[in-house]
Amino acid sequence: MRELNVVMSGFDHYDGVEVNPAYEVPTALAAQGLGDPSGPDDSLGSVEVTIHAVSLPVSFAKAWPTLLEAIEAVHPDIVIATGLKHAARSVMLERCATNLMDAARPDADNVIPRREPIDPDGPAAYWTRLPLRSILKDFTIDSIPATLSSDAGTFVCNSLFYNLLNWMSTQDRVLGGFVSFPLVGPAHSSQHGLPLDQQIDAGRDVVRETVRYYLKPSNADILIA
């Protein structure tokens, strides 16, 4: 059976957030795995997927080196980074990483970059390498509220996303991207947030569809622009 390695990252702490889905989702999936294939024709039945969770500091200087260290140790086929968007009402699939750091608040190292490029010699932006169309179809089937996001902001999440895609541009065949989770909240609430178990299901859908795309690529499903 073919083996695939997935690195899934989250962040270790957000001020004022008691339950952080960007930590809990990767940890849960590393422990639980992807579950059973959907049927005899599901390509997931022909592959053994191992998910490696890594927790990152909310730091411009340290988040990417920490993720890169895990990548170099595991040599993954897929890398999915996750973060938290406090104001989100649903899971947000990030389409684009921009070459900009512009913080309104300090990171974990008390650093506040203002309108600085992440890589002075890099391109202005990169597109995700996740099959967003297929992921959204799975979300619909599983009744998971979700939306596309044009960018991951200009804080540490975007910096990590950009550095990941910048690294991926030098690799022969690695898929990856960024997913933003909302706060953890009760089901059917008018407030921001989704239950943690629903967010774990969302993370599983992201990994499952990315693995399927890795095994059987289709240009039509790689990106919604």
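So, how was this worked out
- All chains use their own residue numbering, which begins from 1 and follows the written sequence.
- Whole-chain, interface and lining totals are the exception, using all residues; otherwise, since this is a predicted model, local features are given only for residues with pLDDT of at least 70 and side-chain atom pairs are given and counted only at 80 or more.
- Water and hydrogen atoms were dropped before computing side-chain values, which therefore reflect all heavy atoms in the structure.
- A pair of strands is treated as paired once DSSP finds two or more bridges between them.
- Each helix corresponds to a stretch of at least 4 residues labelled H or I by DSSP, and each strand to a stretch of at least 2 residues labelled E; elements are numbered beginning at the N terminus.
- Interaxial angle, 0 to 180 degrees, is taken between N-to-C directions of lines fitted to C-alpha atoms, where a helix line uses only the stretch in contact.
- Any two residues having at least one pair of non-hydrogen atoms within 4.5 Å are treated as being in contact.
- The handedness criterion is simple: a crossing whose near helix is rotated anticlockwise from the far helix by less than a right angle is left-handed, and one whose near helix is rotated clockwise is right-handed.
- Classes in brief: Ala, Val, Leu, Ile, Met, Phe, Trp, Tyr, Cys and Pro nonpolar; Asp, Glu, Lys and Arg charged; the others, Gly included, polar.
- Each residue gets one of three labels from its accessible area relative to the maximum for its type: buried under 20%, exposed over 50%, partly exposed in between, using a 1.4 Å probe on protein chains only.
- In these notes, a set of buried Ala, Val, Leu, Ile, Met, Phe, Trp, Tyr and Cys residues joined through side-chain atoms within 4.5 Å is what counts as a nonpolar core.
- Relevant arc is that of directions from the helix axis to the C-beta atoms, nothing else.

### Details of the sheet that holds strand 7 (residues 146-149)
By definition, the strands of a sheet pair up through backbone hydrogen bonds, in either a parallel or an antiparallel sense.
So, point 1. Taken in spatial order, the six strands make up an open sheet running 2-1-3-8-4-7, and their pairing is mixed. Where the open sheet ends on each side, the last strands, each with one partner, are strand 2 (47-56) and strand 7. Across the sheet, the axes of successive neighbouring strands diverge by a mean angle of 25°, strand direction being ignored.
So, point 2. With four bridges connecting them, strand 1 (residues 2-11) and strand 3 (residues 78-84) associate as parallel partners. Its bridge partner being in strand 3, Met8 is matched across the sheet by Ile80.
So, point 3. Running at roughly 160° to strand 1, helix 1 (residues 21-32) makes contact with strand 1, strand 2, strand 3 and strand 8 (175-181) of the sheet.
So, point 4. Lying on the sheet, helix 4 (residues 156-168) is in contact with strand 1, strand 2, strand 3, strand 4 (91-94) and strand 8; it crosses strand 8 at an angle near 170°.

### Let's talk about the packing of helix 1 against helix 5 (residues 196-215)
So, point 1. Contact pair helix 1 / helix 5: the axes reach a minimum separation of 9 Å and the direction vectors enclose 60°. Pair helix 1 / helix 5 crosses with right-handed handedness. Contacts between helix 1 and helix 5 involve Pro21, Glu24, Val25, Ala28, Leu29 and Gln32 from the former and Leu196, Gln199, Ile200, Gly203, Arg204 and Val207 from the latter.
So, point 2. Of the residues that constitute the contact of helix 1 with helix 5, the class distribution is seven nonpolar, three polar and two charged.

### Let's talk about the side chain of Ser159
So, point 1. Within the secondary structure layout, Ser159 lies in helix 4.
So, point 2. You can call Ser159 buried: its relative accessible area is 3%.
So, point 3. Filtering out sequence-adjacent residues up to four positions away, Ser159 remains in contact with Phe60, Met101 and Ile118.

### Quick look at the nonpolar core
So, point 1. With 36 residues, the main nonpolar core has Phe11, Tyr14, Leu67, Leu160 and Leu164 as its most contacted residues.
So, point 2. Of the residues forming this core, the biggest block, nine residues, is contributed by helix 4.
So, point 3. In contact with Tyr14, other than residues within four places in its own chain, are Asn20, Ala22, Val58, Gly83, Leu84, His86 and Cys157.
So, point 4. Leu29, Phe139, Phe181 and Tyr213 belong to the second-largest nonpolar core, a separate cluster that totals 30 residues.

### Some details on helix 3 (residues 132-141)
So, point 1. Within the span of helix 3, buried status applies to Leu132, Ser134, Ile135, Asp138 and Phe139. Down the axis of helix 3, the smallest arc covering the buried residues is 160°, so these residues share one side. Facing away from the buried surface of helix 3 by more than 90 degrees, the exposed residues are Lys137, Thr140 and Ile141.
So, point 2. Where helix 3 terminates, the next one or two residues include Ser143, which has phi positive at roughly 55°.

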